Amino acid sequence: MKYLMFLLTFLLLLSCSNEQIVNPVLSPIDNATTGVKSKIFYPSLESTQILSTEEFEYNNQDQLLRKIYYGDTKEMVYHYELFNYDNDGKLINKLNYHNNVNSPTGFILLDSTVYLYSENFLTTEEITYPYSNIFTSYSYIYDGKNLVKKTKYHNDALESYSTFEYKNGNLSKEITYDKNSIVIESKEYKYTNLHLAEIVIYSSTDEAKRKIQYSYNGSGKIVLEEVDELLIYSSSLPYVVKYVY
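It should be emphasised that the depicted structure is a prediction, and the values quoted were computed from it without experimental measurement. (Residues numbered from 1 in each chain as written. Predicted model: local features only at pLDDT ≥ 70, side-chain atom pairs only at ≥ 80, totals over all residues. Heavy atoms only, no water.)

Q: How do you make sense of the overall build of the chain when you look at a structure like this?
A: A count of helices and strands for the chain gives two helices and 16 strands. Evaluated residue by residue, the chain yields a buried proportion of 41% over its 245 residues. Counted over contacts in the chain with a minimum sequence separation of 6, partners at least 24 positions apart contribute 22%. Roughly 13700 Å² of accessible area belongs to the chain as shown, and the carbon and sulfur atoms make up 51% of that amount. (Helix = DSSP H or I, 4+ residues; strand = E, 2+ residues; numbered from the N terminus. Buried < 20%, exposed > 50% of the residue type's maximum accessible area, 1.4 Å probe, protein only. Contact = heavy atoms within 4.5 Å. Areas by Shrake-Rupley, 256 points an atom, 1.4 Å probe, with all protein chains shown as cover.)

Q: Would you take a moment to explain the pattern of salt bridges for this structure?
A: A side chain of one charge can pair with a side chain of the opposite charge when the charged atoms of the two come close. Under the definition given, this model contains nine salt bridges. Arginine 210 is the partner of glutamate 229 in a salt bridge, and the nearest nitrogen-oxygen pair spans 2.8 Å. Residue glutamate 229 is found in strand β15 (residues 222-229), and its partner arginine 210 is found in strand β14 (residues 208-216); the two are separated by 19 residues along the sequence. The exposure class assigned to glutamate 229 is buried, which follows from its relative accessible area of 12%. (Salt bridge = Lys/Arg side-chain N within 4 Å of Asp/Glu carboxyl O.)

Q: Any chance you could explain the packing of aromatic side chains here in plain terms?
A: Ring pairs (aromatic) are described by centroid distance and by the angle formed between their planes. Applying the stated rule across the entire model yields five aromatic pairs. For the ring pair tyrosine 80 and tyrosine 97, a centre distance of 5.1 Å and an interplane angle of 15 degrees mean the geometry is stacked. Here tyrosine 80 is found in strand β4 (residues 77-85), whereas its partner tyrosine 97 is found in strand β5 (residues 91-99), with 17 residues between them in sequence. Taking 4.9 Å as the distance between ring centres and 20 degrees as the angle between the ring planes, the aromatic pair formed by tyrosine 161 and tyrosine 177 counts as stacked. (Phe/Tyr/Trp six-rings, centres within 6.5 Å; stacked < 30°, edge-to-face > 60°.)

Q: I would appreciate a short explanation of unusual backbone geometry in the present structure.
A: The phi torsion at aspartate 62 lies on the positive side, around 65 degrees, for a residue other than glycine. Within the secondary structure, aspartate 62 sits in the loop between β2 (52-58) and β3 (64-70). For aspartate 62, a relative accessible area of 60% puts it in the exposed group.

Q: Can you help me understand the pairing of β3 in this one?
A: Within a regular beta strand, the side chains point alternately toward one face of the sheet and then the other, so they alternate between its two faces. Burial analysis of β3 places five of its seven residues in the buried class, which makes it a mostly covered element. Once β2 ends, the chain turns through five residues before running back antiparallel as β3, passing aspartate 62 with a positive phi of about 65 degrees. Pairing of β3 with β4 involves five bridges; the strand directions are antiparallel. What sits directly across from tyrosine 70, in β4, is valine 77. Hairpin connection, β3 to β4: the antiparallel pair is bridged by six residues. (Pairing = 2+ DSSP bridges.)

Q: So what exactly am I meant to see when it comes to the nonpolar core here?
A: Looking at soluble globular proteins, one finds that nonpolar side chains tend to be buried together. In this structure, Ile29, Leu196, Ile199, Ile212, Tyr214 and Ile222 are the most contacted members of the largest nonpolar core, which totals 29 residues. Listed by contribution, the elements that provide at least two residues to this core are β2, β7 (121-128), β8 (135-142), β13 (195-202), β14, β15 and β16 (239-244). Those residues in contact with isoleucine 212 that sit more than four places away from it in its chain are Ala197, Glu198, Ile199, Ile201, Glu225, Glu226 and Val227. Listed in part, the five residues of the second largest apolar core include Tyr70, Val77, Tyr80 and Phe107. (Core = buried A, V, L, I, M, F, W, Y, C linked by side-chain atoms within 4.5 Å.)

Q: Would you explain the environment of valine 240 in this entry?
A: By the secondary structure assignment, valine 240 is in strand β16. Through-space distance from the C-alpha of valine 240 to that of lysine 39 is 9.9 Å; in sequence the pair is 201 residues apart. Once residues lying within four places of it in the same chain are set aside, the contact partners of valine 240 are Ile40, Phe41, Tyr42, Ser44, Leu45, Leu224, Glu225 and Glu226.

Q: I keep staring at the side chain of serine 203 and nothing clicks. Help me out?
A: One can find serine 203 in the loop between β13 and β14. By relative accessible area, serine 203 is classed as buried at 14%. Looking at serine 203, its side chain comes within polar contact range of the side chain of threonine 205, at 3.0 Å. Each residue touching serine 203, except ones within four places of it in the same chain, is listed here: Ile184 and Lys209. (Polar contact = N/O pair within 3.5 Å; in protein donor to acceptor, adjacent residues only side chain to side chain.)

This is the structure:
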């Protein structure tokens, strides 16, 4: 039961979080995980119990083509994503297929994402759901170099927005607001020797609720991610992720 609760919580967090590796708006995490072959999730650093695995497949240009999500074993694919690029190497769409026993192929297209650009800047992200009448979109605003605002819409209605702050050229703070400009969550980014070392996530009441720490190899690639829940009443469980290149 404990494992099931973790898996459900983890999948929820994953679905609500920003995509690592493939998000056209690069974060410090993206830059330090380029070329990762797999991510393996464990309940603790000492545990050998695998909770889930993500695998990454690339083309000859080192562009991510396919991302596969497994459970505790690799006998069953829960869902996978396919990525397509234009002639300039920009990601232009992502197809997200989920396991479905009623489908002849075993999978259905759950959602499709289209990315739109102005020169080299991502300006719009549009997500459609073929089996429902809803859609989600994001708009991106820059200060000439860095992303400063990301706005989320649900069926064209404003749902939330995030602002981004920088220090010494590095992303230092991210604040997410609801449509009424009330803070939902904030993130503080901390660095050691130019590497992202820690992210602390705060609740709407400014309580530190989650801490994520990163360890690197000699090539500057992330090899370990440790996620710790800081609130004693949190329904989420801590876990670690090991990166394989």
